[in-house]
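# Summary of the model geometry
Here is how the chains run, residue by residue.
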Amino acid sequence: MPVKPVTPVILKGIGSRGLNTQTQSSTIGPEFLTEANNVVYDLEGRMGPRKGIKQITSAVASPVKSIGEFVKSDRTREYYGGSGATIVKLNFATDPDTLVTQSFSGTPQTITDSNWQWINFNDEFWGVQSGHKVINYDGTNWYDIDDLGAYVAPSGVTTFDPNCALGEFGRIFYGGITEAKGTLFYSDNLIGEKLNTGAAGQLDLKTVWGNDEIVGLGSIENKIVIFGKQNIAIYSGATNPATMVLDELIRDVGLAGRDNIVYVDSDVIFLSYEGLQSLSRIQQSDGKSPLEGLSLTVRNDLTRLLSSANVDNIKSVYYQKEGIVITFMPDDNKAYVFDFTVGKKALPRITTWTFKDNPLCAVSTLSGELYMGLSDSVAKYDEYYDVALDSGGNDVDSDYNWLFQTPWLDFGDPVFTKILKQGLFTITGGEGAAATVEISKDYEEDSKFSKTFNLTSDAVKFLYGAANSLYGSAKYAPAASPREYRVSLARAGKTIRLKMTFDVTGHYSSLINTTLLTKQGKVR
């Protein structure tokens, strides 16, 4: 009987479409993944690791639950956050960086939480959070809103404590105050603290959406978008709120947490209790037709988390430098990451991230940095170590890993057993790190074959002052070439599932190609 030939099975585009935990695993191809943790996609669409969470400030006593970028009148930028009962400024003039507590002028309120939403308006920085007065920073002094000279309280309100705000169309809009959760308040022109007389006013939405309450505010074109828990009201003509009209009411779609509205290109992306949604896509369906959201492939997993989560702790940020929306869910030690670099006509690729110290909030800066608030400090998304600072301010590097898992694959032949002989994995980078291949067969979870191998590097390194350094001072990153790793595999089954885990120890790695060498076995 002739010897069966070895047949290469190329897993083309492995993981190229991200997570899919919604579809039966045995019915999808290798372009989808059933696990994809700490994964990002590079410019060529290949999988690799997220960067490290690098602590940059010395520790403070309380978690940093909010952080914002203040754009000053001279276009320079400063960064402020909420930590416990204080407002802190990110100070880059020390080593390590520090968080400097701010003082208030006037008669300041007692702050009891740090879940601020930050707004830039008219060269000033404003903060709002539920159960607190609005705060204001004019570039020199911090004030409560009622300590500002131009403050005029809205009619019929005892304590003005909005949960959300929007600085657009020449004024500030506010919503979610304790005394009137369904009423939109808007300030006079260019005077964010003047909430009565002049061009200031209010709009009660009770006749529009019943007893729903305002959770967040956004804008698109000349329209203000008012997000409730169960409805979305869109008003056109928002440049003149006194005459703006209801453009559309979208029922049974609401916002899951104030801090989950982001802008991607010209679109408004938000987190609903059904998952991530695109406002323009909803508008295209006129709110009357069934709509597929942006997180369809992980819908059940995501909605299960949302159903039991405190959505006030969930925060989303658009990191423009990498084209990803990151939704931090610290109560579940997880972030969902939506990669929009695939273009508007395709659904985003979805992965997850996990952390040793869960980020509680984040801000993406114009200069391309991503700062995150942690349990006692601020961190930066940078390099390929998770980094904490010890009591002396020294870096303590910590490894992490990235991993992916394919669906169950029958390679187009559900009848014959496949005998796996070798795996050929083309990988670039990852110098000195370990990689582990794990093979499961025939839907068995308790019978796995695994093998670990070490990544090496053909990187060309230029060292300072070395003979091959240009002008004796080259500081270029190593240029690594791909390497093919041959790994012997000892597994046979009709269906195969591949899982790979890569340690991250200071270097980037990326999977370029995967080929499995198989022989045809028996029918069984």
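Above this text sits the structure in question.
Numbers given to residues run from 1 along each chain, matching the order in which its sequence is written. Given that the model is predicted, a residue must reach a pLDDT of at least 70 before its local features are reported, and side-chain atom pairs must reach 80 or more before they are shown or counted; all residues, however, enter totals for whole chains, interfaces and linings. Just so you know, side-chain values use all the structure's heavy atoms and leave hydrogens and water out.

## Observations regarding the environment of Leu 424
Applied cut-off: Segments assigned H or I by DSSP are reported as helices when at least four residues long, segments assigned E as strands when at least two residues long, and all are numbered from the N terminus. Each residue gets one of three labels from its accessible area relative to the maximum for its type: buried under 20%, exposed over 50%, partly exposed in between, using a 1.4 Å probe on protein chains only. By definition, residues are in contact when any of their heavy atoms lie within 4.5 Å.
Looking at the element boundaries, Leu 424 is found in strand β35 (residues 416–429). Residue classification places Leu 424 among the buried residues on the basis of a relative accessible area of 10%. Note: C-alpha distance between Leu 424 and Glu 484 (60 residues apart in sequence) is 6.4 Å. Filtering out sequence-adjacent residues up to four positions away, Leu 424 remains in contact with Glu 484, Tyr 485, Arg 486, Asn 513, Thr 514, Thr 515 and Leu 517.

## Thoughts on a negative patch on the surface
What counts, and what does not: Only residues above 30% relative accessible area that lack a salt bridge enter a patch, with like-charged residues linked at up to 9 Å and the nonpolar side chains Val, Leu, Ile, Met, Phe, Trp and Tyr linked at up to 5 Å. Only the protein chains shown count as cover for residues, and all accessible areas are computed by the Shrake-Rupley method using a 1.4 Å probe. Take a side-chain nitrogen of Lys or Arg and a carboxyl oxygen of Asp or Glu: if they are within 4 Å of each other, that pair is a salt bridge. Here Asp and Glu are counted as negative and Lys and Arg as positive; His is not counted, and neither are the chain ends. For this purpose, a charge sits on NZ of Lys, CZ of Arg, CG of Asp or CD of Glu.
Together, Asp 95, Asp 390, Asp 395, Asp 397, Asp 399 and Asp 503 give the surface a local cluster of negative charge. Among the secondary structure elements, Asp 503 is positioned in strand β39 (residues 496–504).

## Quick look at the sheet that holds strand β8 (residues 86–91)
Counted only if it meets this: DSSP-based pairing: two strands are paired if at least 2 bridges between them are found. Only C-alpha atoms enter the line fits that serve as axes; for helices the fit covers just the stretch in contact. Angles between N-to-C directions range over 0 to 180 degrees.
Spatial ordering of the open sheet is given by β6-β7-β8-β9, a layout of 4 strands whose pairing is antiparallel. Single-partner strands in this sheet number two, and they are β6 (64–71) and β9 (98–101). Recorded for the sheet is a direction-independent mean angle of 35° between the axes of neighbouring strands. Sheet analysis places β8 next to β9, joined by 4 bridges and oriented antiparallel. Each bridged residue has a counterpart across the sheet, and for Leu 90 the counterpart in β9 is Leu 99.

## Quick look at the nonpolar core
The cut-off we apply is this: To form a nonpolar core, buried Ala, Val, Leu, Ile, Met, Phe, Trp, Tyr and Cys residues must be joined to one another through side-chain atoms within 4.5 Å.
If you look at the biggest cluster of nonpolar residues, it comprises 54 residues, and the most contacted ones within it are Met 47, Phe 404, Phe 453 and Leu 498. Apart from residues no more than four positions distant in its own chain, Phe 453 is found in contact with Ile 427, Ala 433, Ala 434, Ala 435, Val 437, Tyr 485, Val 487 and Met 500.

## Observations concerning the environment of Leu 217
In this structure, Leu 217 sits in strand β18 (residues 214–220). Contact partners of Leu 217, with chain neighbours within four places excluded, come to Cys 164, Ala 165, Leu 166, Phe 173, Tyr 174, Gly 175, Leu 184, Val 225, Ile 226, Phe 227 and Ile 261.

## Section: unusual backbone geometry
Cis geometry is adopted by the peptide bond preceding Pro 96, which originates at Asp 95 and carries an omega value of 0°. Summarising the element assignment, Pro 96 is placed in the loop between β8 and β9. Even without being a glycine, Leu 190 presents a positive backbone phi close to 65°. Residue placement: Leu 190 occurs in the loop between β16 (183–186) and β17 (201–204).

## A look at the pairing of strand β10 (residues 117–121)
Side-chain direction in a regular strand flips from residue to residue, so the side chains alternate between the two faces of the sheet. Counting buried positions along β10 yields 4 of 5 residues, so the element is predominantly enclosed. Linking β10 back to strand β11 (residues 124–128) in an antiparallel pair, the connection comprises 2 residues, with Asn 122 at a positive phi of about 55°.

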